[in-house]
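Working through the structure, step by step
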Amino acid sequence: MSSWWRSRDMKYVSLIFSEDAAHECVHSLGRLGSIQFTDLNPEQTPFQRRYVGFIKRCLIQGPQLYYQRPRYDELERKLRFMGAEINAFGLKR
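In this report, we go over the structure that sits alongside the text. In every chain, residue numbers begin from 1 and rise along the written sequence. Side-chain atom pairs in this predicted model are given and counted only at pLDDT of 80 or more, local residue features only at pLDDT of at least 70, and totals for whole chains, interfaces and linings cover all residues. To get the side-chain values, take all heavy atoms of the structure and skip hydrogens and water.

Numbering of helices and strands starts at the N terminus; helices are DSSP runs of H or I of at least 4 residues and strands are runs of E of at least 2. Helix span is expected to be 1.5 Å times the residue number reduced by one. For helix 2 (residues 52-88), which comprises 37 residues, the first-to-last C-alpha distance of 51 Å matches the rise-based estimate of 54 Å (1.5 Å per residue) to within 8%. Bend angle per residue: angle between axes fitted to the 7 residues ending at that residue and the 7 residues starting there. Along helix 2, the largest kink reaches about 40° and is centred on Q68; proline P70 follows within four residues of it. Two residues or fewer past helix 2, G90 is found with a positive phi of approximately 75°.

Pasting the structure below:
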């Protein structure tokens, strides 16, 4: 491991998060601007990382959502129209 040259004293710590909390915790730490991350698996290529499957899934779902958007908008318009008719007749939902 190479040495780090900094103007302030630093400590090397290991943080372990659950997968559910990892994104929020890393985001909050990054906003502080006083933390540096090291790669614990430098021998792995980016395509061998655990998160690649999640990214691929997002890339597949993006176009699907784009295709479905007009259908959702039409359904929302119909539901609003039906809600207005129900309110006009004084019926409770």
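There is more to say after this.
Another point: the side chain of R49. Position of R49 relative to the elements: it lies in the loop between helix 1 (19-32) and helix 2. Burial here depends on accessible area, computed with a 1.4 Å probe over protein chains only, as a share of the maximum for the residue type. Under 20% is buried, over 50% is exposed, and the range in between is partly exposed. The buried category is assigned to R49, whose relative accessible area is 18%. Counted as a polar contact is a pair of N or O atoms within 3.5 Å, where, for protein atoms, one must be capable of donating a hydrogen and the other of accepting one, and residues adjacent in sequence contribute only when both atoms are in side chains. At 3.1 Å, the side chain of R49 and the backbone oxygen of N41 are in polar contact. Once residues within four sequence positions are removed from consideration, R49 is found in contact with D39, N41 and Q44. Here, two residues are considered to be in contact whenever any of their heavy atoms come within 4.5 Å of each other.

A surface patch of nonpolar side chains, amounting to about 530 Å² of accessible area, comprises V13, L15, F17, V26, I35 and F37. Within the element layout of this structure, L15 appears in the segment before helix 1. By definition, no residue in a patch forms a salt bridge, and every one has over 30% relative accessible area; like charges are joined within 9 Å, nonpolar side chains (Val, Leu, Ile, Met, Phe, Trp, Tyr) within 5 Å. Exposure was quantified through the Shrake-Rupley algorithm and a 1.4 Å probe, taking into account, for residues, occlusion by the shown protein chains and nothing else. In what follows, salt bridge is the name for a side-chain nitrogen of Lys or Arg lying within 4 Å of a carboxyl oxygen of Asp or Glu.

To count as a disulfide, a pair of cysteine sulfur atoms needs to be within 2.5 Å. Within the structure shown, the criterion is met by 0 disulfides. Of all cysteine sulfurs in the structure, the one in C58 sits closest to C25, which takes part in no disulfide; the separation is 20 Å. With a relative accessible area of 26%, C25 lands in the partly exposed category. What makes C58 exposed here is its relative accessible area of 55%.

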